[in-house]
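Below are the chains, spelled out letter by letter.
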Amino acid sequence: AQVLALCGGIGGAKLALGLYRTLAPGHLTVAVNTGDDFTHLGLHVSPDIDTVAYTLAGLNDTERGWGLAGESWHFMEALGRLGGETWFQLGDHDLATHVLRTQRLAAGETLSQVTAALAARLGLHGRLLPMSDDPVRTLVDTDEGRLAFQNYFVAQRCRPRVTAISFAGAKEAKVQEDVLALLADGTLAAIVICPSNPYLSVDPMLAIPGLRAALKASPAPVIAVSPIVAGKAVKGPTAKIMEELGLPVSSRAVAEHYGDLLDGFILDDSDAVETARLGVPTVATRTLMETLEDRERLARSVLNFASGLR
Ligand code: FO1
Ligand code: CA
């Protein structure tokens, strides 16, 4: 049976790896956020697609969280010497991915085709799909004005106060067609919302017309894994953004955010007291993914939970 994971960048990719290693080859499809994509130095950069692809292929830099392990930075050094923009770091090896993607998009291929080719070349047996082939760009409204996602995230290091988040192009975008086909497929066993940032990484997907309805209509149970552990975000700005948006930093607030989309919710043992008040079947377990075993064990918990909800 097939499993569909909805995934953003670093946090989500950890669970995607657990699912990838737990499921039989070819049984995982990952639909990835492309709201973080942007054109930089003339190149089409898709950070979340690359994070997931590199992670599943075992090529990712686990310290940094993004990019390739064993990377070198000669291009960046040379660019800096010439006065080019160096705030967004493109490693020498990673650069090849962006150059090839840009070239193939310019030649008329879709982002889905380019992504499939990348996944195949990296030896992946699962399917990796962008959430859409149309451009959707996450914009962050802050006390210092509206910022394009990477300006907020990398250039400003998430420092400005967030007042609102929007997704340019989402209303005109179409959900990637294989994602819709899979959701309508009666053999789909589970839909997993990975513990990515709900506001920055999952909401761009849910903003595309029809996806939310298709997720709800799918016979497969939708299970989200909370990115909050003991009232804190494991990594990244999730907790900071929740505070700035006036939300309590809790797994419960995350479950309420997804609302009637959910058939099941997984939160950390440390937040198990919240379970009773959620109004959706909930499992409390260790959600912190430090080791490879943690990733695989959480994946098994998700899959067991899903089989009980079918
Ligand atoms: N994150 C940073 O904090 N600084 C960078 O210079 C940076 C470069 C970069 C290059 C390629 C890539 O795929 C990701 C990169 N990231 C960088 C991470 C990226 O901003 C994030 O992964 C996300 O978009 C959030 O999920
Ligand atoms: Ca359903």
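Keep in mind it's a predicted model, so treat the numbers as computed, not measured. (Residues numbered from 1 in each chain as written. Chains lettered and ligands numbered in written order. Predicted model: local features only at pLDDT ≥ 70, side-chain atom pairs only at ≥ 80, totals over all residues. Heavy atoms only, no water.)

Once that is clear, we can look at the environment of V140. Following the sequence through the fold, V140 ends up in strand β6 (residues 137–142). When its relative accessible area of 0% is taken as the criterion, V140 is described as buried. Through-space distance from the C-alpha of V140 to that of I165 is 4.7 Å; in sequence the pair is 25 residues apart. (Helix = DSSP H or I, 4+ residues; strand = E, 2+ residues; numbered from the N terminus. Buried < 20%, exposed > 50% of the residue type's maximum accessible area, 1.4 Å probe, protein only.)

For the rest of this paragraph, the subject is the coordination of the calcium ion (ligand 2). Taken together, the protein ligands of the calcium ion (ligand 2) are K216 (O) and S218 (O), with distances of 2.8 to 2.9 Å. On the basis of relative accessible area, K216 is assigned to the partly exposed category, the value being 44%. (Donors = N, O, S within 2.8 Å, 3.2 Å for Na, K, Ca; no water.)

All chains considered together, the criterion is met by two cavities of 30 Å³ or more. Here the largest cavity is characterised by a volume of approximately 40 Å³. Lining the largest cavity, in full, are Y20, L28, V30, L56, L124, G126, R127 and L128. Elements that contribute at least two residues to the lining of the largest cavity include exactly β2 (28–32) and β5 (127–130). Tallied by class, residues from the lining of the largest cavity come to six nonpolar, one polar and one charged. As a volume, the second largest cavity reaches approximately 30 Å³. Around the second largest cavity, the lining residues are L6, A31, M131, V175, V179, M205 and L211. In terms of residue class, the lining of the second largest cavity is built from seven nonpolar, no polar and no charged. (1 Å grid on protein atoms, 1.4 Å probe; cavity = no way out; pocket = protein on both sides within 12 Å on 5 of 7 lines; lining within 4 Å. Points joined across faces, edges and corners; volume = space filled by probe spheres on them. Nonpolar A, V, L, I, M, F, W, Y, C, P; charged D, E, K, R; others polar.)

Judged by nonpolar contacts, the single largest core of 42 residues is most densely connected at L4, L183, I193, L215, L262 and F265. Excluding residues that lie within four positions of it along the chain, I193 makes contacts with L6, V202, V222, I223, A224, V225, Y258, L261 and L262. Counting 36 residues, the second largest nonpolar core, distinct from the first, contains A190, I223, I266 and A299. (Core = buried A, V, L, I, M, F, W, Y, C linked by side-chain atoms within 4.5 Å. Contact = heavy atoms within 4.5 Å.)

Inspection of the secondary structure assignment puts N60 in the loop between α2 (47–56) and α3 (74–81). Excluding its chain neighbours within four sequence positions, the residues that come into contact with N60 are Y54, T55, G67, L68 and A69.

Any functional reading would require information beyond the geometric quantities listed.
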